[in-house]
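Per-entry structural report
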Amino acid sequence: MALKEFPQPKGRLCLRLRWQLLAFLGFSHIVCGQIRYSVPEEMKKGSLIGNVAQDLGIDLKRLRAGRARIVTGESIQYTELKTDKGILVVGERIDREQLCGDFTPCSFSFEIILENPMELHPVNIFIQDQNDNAPQVLHPVQTGGSLVAEMVPRSADVGYLVTKVVAVDVDSGQNAWLSYKLQKATDRALFEVGLQNGEIRTVRQVTDKDAVKQRLTVVVEDNGQPSRSATVNVNVAVADSFPEVLSEFTDFTHDKEYNDNLTFYLVLALAVVSFLFITCLVVIISVKIYRWRQSRILYHSNLPVIPYYPPRYADTLGTGTLQHVYNYEVCRTTDSRKSDCKFDRPGSQNVLIMDPSLTGTMQRIQSEKSILDEQDSPLEVSVLSSKI
């Protein structure tokens, strides 16, 4: 939105000198139309700032024909001109604190230049502050590891100043107004915090019953919408002597660290034991399921069971085992058709040889077999005589 109620910026003199320089160089057709816009910081890239063509009274064809562009001396160009629509949009994120720091009001300026004929239109952009920063606590310093405490003597009167919480906010205006509140305290009836100044004072007289170690938690809030806050812890020692305070807070720190370490180790041990137990349980269940499935597979299988025989032994028709070197020989008489000792011819040709390495035995048996096939074999005669 174009604004006309803003005062002229300090850079107006530089712009006027620039116009005079351009006029001196021969650019006589210079139109000094000036516009101002006010936008909040942290706008997204591409957000609309204003309609330049409408505010300057320039036709879109003139913007395109004159090759309108932005001329600025800044290294970062925060705005971008859309000549096809005649609008000005955000080119880069604008951070008021980074651009202007503590200076108010915050603004930057640039020129829109056109050619044929030459026109120069200054543009001023004023940046509105947003509550995008939380308060920062400067005192007391939060050390983290070491313990810092403020001393309060037991003879302190009502309203005794213990310490002061100091905080700042880099925002401007009402966004930087800070307020202080006491959130937690060991004894809320003993201390109070100033709403505007952050001073911590005693509310009543300190007694011997009050604990030596006092811990206060103070919240610092700004006045922005929505408000942002910061938290600071203040340790207070109610004692008359420094050695008493040192011993008390040293024991406190040691006990705290010891308890933290003990809790960590206990949780770690519990996690390790639980992991090992679950792992063992899963392994046992897996083995049980595997064995059960194997037994079921063997039970339902129709494959024959192959017995195991010792080396160099073989089964002899279910009647026992003999060594592989023993061979079975079939003998018959001369007239095997009428003899009592009669074997079938195919049976005389069966030779059981279990050891493939005994090639000599194989040859001998084959030769004896050929002899038995003859009718007048002396071997058959001798066998018959021994039987009679």
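For clarity, every value in this text was computed on a predicted model and none was experimentally measured. (Residues numbered from 1 in each chain as written. Predicted model: local features only at pLDDT ≥ 70, side-chain atom pairs only at ≥ 80, totals over all residues. Heavy atoms only, no water.)

**Regarding the overall build of the protein chain**
Of regular secondary structure, the protein chain possesses eight helices and 18 strands. In the protein chain, which comprises 388 residues, the share counted as buried stands at 31%. Within the protein chain, counting contacts between residues at least 6 apart in sequence, those at least 24 apart form 64% of the total. For the protein chain, the accessible area works out to roughly 25,900 Å², and carbon and sulfur atoms hold 57% of it. (Helix = DSSP H or I, 4+ residues; strand = E, 2+ residues; numbered from the N terminus. Buried < 20%, exposed > 50% of the residue type's maximum accessible area, 1.4 Å probe, protein only. Contact = heavy atoms within 4.5 Å. Areas by Shrake-Rupley, 256 points an atom, 1.4 Å probe, with all protein chains shown as cover.)

**Describing the state of the cysteines**
Per the stated rule, a full pass over the model turns up one disulfide. The partner cysteine of Cys100 in its disulfide is Cys106, sulfur to sulfur 1.8 Å. Measuring handedness by torsion sign, the sulfur bridge of Cys100 and Cys106 sits at about 70° and is right-handed. The buried category is assigned to Cys106, whose relative accessible area is 3%. (Disulfide = S-S within 2.5 Å.)

**Some remarks on the packing of aromatic side chains**
By convention here, two paired aromatic rings are described through the distance between centres and the angle between planes. Inspection of the entire model under this criterion finds three aromatic pairs. On the numbers, 5.4 Å between centres and 50° between planes, the contact of Tyr78 with Phe108 is tilted. Taken together, the residues Tyr78 in the loop between strand 3 (69–71) and strand 4 (79–82) and Phe108 in strand 6 (residues 106–114) connect sequence positions 30 residues apart. Three or more aromatic residues joined by ring pairs make a cluster, and in this case those are Tyr78, Phe108 and Phe110. (Phe/Tyr/Trp six-rings, centres within 6.5 Å; stacked < 30°, edge-to-face > 60°.)

**Re the side chain of Thr202**
Note that Thr202 resides in strand 14 (residues 199–202). A polar side-chain atom of Thr202 sits 2.9 Å from the main-chain carbonyl oxygen of Asp157. Here Thr202 is in contact with Val152, Asp157, Val158, Gly159, Tyr160, Val162, Leu190 and Phe191, once residues within four sequence places are set aside. (Polar contact = N/O pair within 3.5 Å; in protein donor to acceptor, adjacent residues only side chain to side chain.)

**Here's the deal with the nonpolar core**
Residues Tyr37, Val52, Leu88, Phe110, Ile112, Val123 and Ile125 are the most contacted members of the largest nonpolar core, which totals 26 residues. Counting only elements with at least two residues in this core, the list comes to strand 1 (35–40), helix 2 (52–56), strand 5 (87–90), strand 6 and strand 7 (119–128). Excluding its chain neighbours within four sequence positions, the residues that come into contact with Val123 are Ile35, Tyr37, Leu88, Phe108, Ser109, Phe110 and Ile112. Formed by 20 residues, the second largest nonpolar core is a distinct cluster that contains Leu178, Tyr180, Leu182 and Val220. (Core = buried A, V, L, I, M, F, W, Y, C linked by side-chain atoms within 4.5 Å.)

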